[in-house]
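# Notes for the structure review
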Amino acid sequence: MLHLEHLVKRFGGLTATDDVSLTFPAGSLSAIIGPNGAGKTTLFNQITGHLVPTSGKIWLEKQEITGQKPAAIVRKGIGRAFQI
């Protein structure tokens, strides 16, 4: 299970993700959709460790992974495929 708890990411005066809380149960299939600039890539970058949230927490199973390096998160089973 992946659980996002009150994720916020700010870049100066721009808030890219604002208090995002979601739970993805084990075995579920989900999609994040929205217009350009909605914060989807920023959200994925926080989950995969490419960006550290300004505040909030990310949990995989019962282990907090917030701020861990991308390689450590991949070893735990979270990866991403780029569109290009």
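Turning to the side chain of Thr 48, a few remarks are in order. With respect to the element layout, Thr 48 can be found in the loop between helix 1 (40-47) and strand 3 (55-60). Here Thr 48 falls in the buried class, since its relative accessible area comes to 8%. Polar contacts involving the side chain of Thr 48 include one to the side chain of His 50, which spans 2.9 Å.

For residues that are not glycine, phi is negative in most cases, and the peptide bond is trans in most cases. The backbone of His 6 shows a phi angle near 55°, a positive value even though the residue is not glycine. Along the chain, His 6 falls in strand 1 (residues 2-11). Exposure remark for His 6: the relative accessible area of 45% places this residue in the partly exposed category.

Here we come to the sheet that holds strand 2 (residues 14-24). Strand order in the open sheet made by the four strands is 2-1-3-4, with antiparallel pairing throughout. Either end of the sheet is taken by a strand with one partner, and the two such strands are strand 2 and strand 4 (63-64). Across two bridges, strand 3 lies against strand 4 in antiparallel orientation. When the sheet's bridge partners are listed, Trp 59 is paired in strand 4 with Glu 64. Strands in contact with helix 1 are strand 1, strand 2 and strand 3; relative to strand 1, the strand with the most contacts, it is inclined by about 120°.

So, how was this worked out
- Residues numbered from 1 in each chain as written.
- Predicted model: local features only at pLDDT ≥ 70, side-chain atom pairs only at ≥ 80, totals over all residues.
- Heavy atoms only, no water.
- Helix = DSSP H or I, 4+ residues; strand = E, 2+ residues; numbered from the N terminus.
- Buried < 20%, exposed > 50% of the residue type's maximum accessible area, 1.4 Å probe, protein only.
- Polar contact = N/O pair within 3.5 Å; in protein donor to acceptor, adjacent residues only side chain to side chain.
- Pairing = 2+ DSSP bridges.
- Contact = heavy atoms within 4.5 Å.
- Axes fitted to C-alpha atoms, helices over the stretch in contact; angles between N-to-C directions.

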